[in-house]
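An overview of the molecular structure
Spelled out from the first residue to the last, the chains are:
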Amino acid sequence: MKIPTKQGIPIVDMSQPITRWKEIVRELRQALQYTGFVYLVNHGIPEHIVDSAFQQSTHLFALPLDEKMKFERDLQETFHGYTKPGLKVINPKSNTCLKELRESFDCNIYNVSSCPYPDKGAEGFKPAMHTLMSECKELAIMILKMLGDALDLSDQEYFLRHHRCLWDESAPNFTSLRSLFYPQITKDISGAIRFDEHTDYGTFTLLFQDDVGGLEVKTQEGNWIPATPIPGSIVVNTGDLLNSWSGGLYTSTVHRVIVPQDEFQKQKPRQSIAFFVKPDNETVVVPLVNPENPSKIPEFQNVTAGEHFKQRTMSTRRT
């Protein structure tokens, strides 16, 4: 059965996951194998929960900068908190290295109670984020089961055992929910990059988009295609560690966020919310299946997932 696509990115219907399990597993494997990106529809996360997280995020980012900086992201221990625009070069090897046109707020699921939140002006942000986080964890558990099934692992619980953080908040881990805000464009910089090309660090990402657009995915042929927002959908993409775990089967695809060409869209701020799923910190990732092309698989065998995250995070920090 042919999987429907939108501009080259597959769309997988997650409805009736128990009765349609094998069908969904097959479609998910095919999507992540060939594009590394997939839209999930009928995924089970209520739309009003997503809408609330977006709405409450606008209150957070509308606060004065000096107020937001009181909750600046801790890059030593918890990695919770606010990041102002221009602090990161997401692709240090890129020739562009443009100033980022975005700000963000991260809340990690490990030691979540220590995440700092404003108590004035954005009181609804914390409960909205935590509610969405709970929903994302449930969906991530299901996806991990499907990914293991798709690789025909003899140990069906393998991926779950290395993501204990999704049900045990005491398991050290850097899985996080990040709210992102891209301000409106006030001058002519058509074609510029809001967020430079990169791959994600961990296992996979759940991404919620608004209707502004701008996310682009690089195909295996080297062409950029838009990941145009589909109302009610979640975009899922493979991270570097899942690429290595799968022996290169699941593609960790390069992506970026550009400034829209449409003048009306350009004047609108852009929002997205990402749930970055990562293995527990002590996990050492090694290929679980024989790689078809070992040269294309990143070497993480001697680095734990926690060390990998810290190295990638600090390497993109603007000095």
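Description of the structure in this document. On a predicted model such as this, the values are computed, not experimentally measured, just so you know.

**Looking at the pairing of strand β13 (residues 270–277)**
Most of β13 is tucked away, with 8 of its 8 residues classed as buried. With 7 bridges joining them, strand β6 (residues 176–182) and β13 adopt antiparallel strand pairing. Pairing of Tyr-182 across the sheet is with Arg-270, part of β13. Inspection of the sheet shows strand β8 (residues 204–209) paired to β13 by 6 bridges, in the antiparallel sense. Bridging from a neighbouring strand, Leu-207 pairs with Ala-274 of β13.

**A word on the pairing of strand β11 (residues 234–238)**
The element β11 is largely enclosed, with a buried count of 5 among its 5 residues. Side chains Ile-234, Val-236 and Thr-238 project from β11 onto one buried face, and the interleaved Val-235 and Asn-237 project onto a second face that is buried too. Across 4 bridges, strand β3 (residues 37–41) lies against β11 in antiparallel orientation. Bridged to Val-38 within β11 is Val-236. Where β8 and β11 come together, 4 bridges link them in antiparallel fashion.

**Examining unusual backbone geometry**
Here Phe-79, not a glycine, exhibits a phi torsion of approximately 60 degrees, which is positive. Unlike most non-glycine residues, Asp-152 shows phi in positive territory, near 55 degrees. Position of Asp-152 among the secondary structure elements: in the loop between α4 (125–150) and α5 (158–161).

**Observations regarding the pattern of salt bridges**
For the structure shown, the criterion picks out 12 salt bridges. Note that Glu-103 is salt-bridged to Lys-68, the shortest N-O span being 2.8 Å. Taken together, the residues span a long stretch of sequence, with Glu-103 in strand β5 (residues 103–108) and Lys-68 in helix α3 (residues 65–68) at a distance of 35 residues. The partner of Glu-169 in a salt bridge is Lys-137, and the shortest N-O contact between them spans 3.7 Å. Of this pair, Glu-169 sits in the loop between α5 and β6 while Lys-137 sits in helix α4, and the two are 32 residues apart along the sequence. Ionic contacts of the salt-bridge type, sharing partners, join the residues Arg-73, Asp-106 and Arg-178 into one network.

**Considerations on the sheet that holds strand β4 (residues 81–83)**
A sheet is described by the order of its strands in space; here 9 strands give the open sequence β1-β2-β3-β11-β8-β13-β6-β5-β4, paired in mixed fashion. Pairing within the sheet leaves two strands with one partner each, and these edge strands are β1 (5–6) and β4. Relative to β5, β4 runs antiparallel, the two being bridged by 3 bridges. Each residue of the ladder has a partner; that of Thr-83, found in β5, is Ser-104. Strands in contact with α4 are β3, β5, β6, β8, β11 and β13; relative to β8, the strand with the most contacts, it is inclined by about 135 degrees.

**Some remarks on helix α2 (residues 47–61)**
Count 3.6 residues to each turn of an α-helix, and residues three or four apart come out pointing the same way. For α2, spanning 15 residues, the distance from its first C-alpha to its last is 21 Å, which sits close to the expected 21 Å at 1.5 Å a residue. Among the residues of α2, Ile-49, Val-50, Ala-53, Phe-54, Gln-56, Ser-57, Leu-60 and Phe-61 are the ones counted as buried.

**Observations concerning the packing of helix α1 (residues 21–34) against α4**
Contact pair α1 / α4: the axes reach a minimum separation of 9 Å and the direction vectors enclose 80 degrees. Regarding the angle of α1 to α4, the classification is roughly perpendicular. Of the residues in α4, those touching α1 at Trp-21, Ile-24, Val-25, Leu-28, Arg-29 and Leu-32 are Met-142, Ile-143, Lys-145, Met-146, Leu-147, Asp-149 and Ala-150. Of the residues that constitute the contact of α1 with α4, the class distribution is 10 nonpolar, no polar and 3 charged.

**Quick notes on the environment of Val-284**
Inspection of the secondary structure puts Val-284 in the loop between β13 and α8 (305–315). According to the relative accessible area criterion, Val-284 is partly exposed, its value standing at 36%. Taking C-alpha positions, Val-284 is 9.5 Å from His-162, a pair spaced 122 residues apart along the chain.

**Let's talk about the side chain of Arg-20**
Relative to the assigned elements, Arg-20 resides in the loop between β2 (9–13) and α1. Judged by relative accessible area, Arg-20 falls into the buried class, the value being 15%. Separated by 2.9 Å, the side chain of Arg-20 and the backbone oxygen of Asp-13 make a polar contact. Sequence-distant contacts of Arg-20, defined by excluding residues within four places in its chain, comprise Asp-13, Met-14 and Ser-15.

**What about the nonpolar core?**
Ranked by size, the top nonpolar core spans 63 residues in total, and within it Leu-132 and Phe-275 carry the most contacts. The element best represented in this core is α4, accounting for 13 residues. Setting aside chain neighbours within four positions, we find Leu-132 in contact with Ile-45, Ile-49, Val-50, Ala-53, Leu-177, Phe-208 and Ile-273. Membership of the second largest hydrophobic core comes to 18 residues, among which are Val-41, Leu-215, Val-217 and Val-235.

About the thresholds
- Residues numbered from 1 in each chain as written.
- Predicted model: local features only at pLDDT ≥ 70, side-chain atom pairs only at ≥ 80, totals over all residues.
- Heavy atoms only, no water.
- Buried < 20%, exposed > 50% of the residue type's maximum accessible area, 1.4 Å probe, protein only.
- Helix = DSSP H or I, 4+ residues; strand = E, 2+ residues; numbered from the N terminus.
- Pairing = 2+ DSSP bridges.
- Salt bridge = Lys/Arg side-chain N within 4 Å of Asp/Glu carboxyl O.
- Contact = heavy atoms within 4.5 Å.
- Axes fitted to C-alpha atoms, helices over the stretch in contact; angles between N-to-C directions.
- Expected span 1.5 Å × (residues − 1).
- Parallel < 35°, antiparallel > 145°, perpendicular 65-115°, else oblique.
- Nonpolar A, V, L, I, M, F, W, Y, C, P; charged D, E, K, R; others polar.
- Polar contact = N/O pair within 3.5 Å; in protein donor to acceptor, adjacent residues only side chain to side chain.
- Core = buried A, V, L, I, M, F, W, Y, C linked by side-chain atoms within 4.5 Å.

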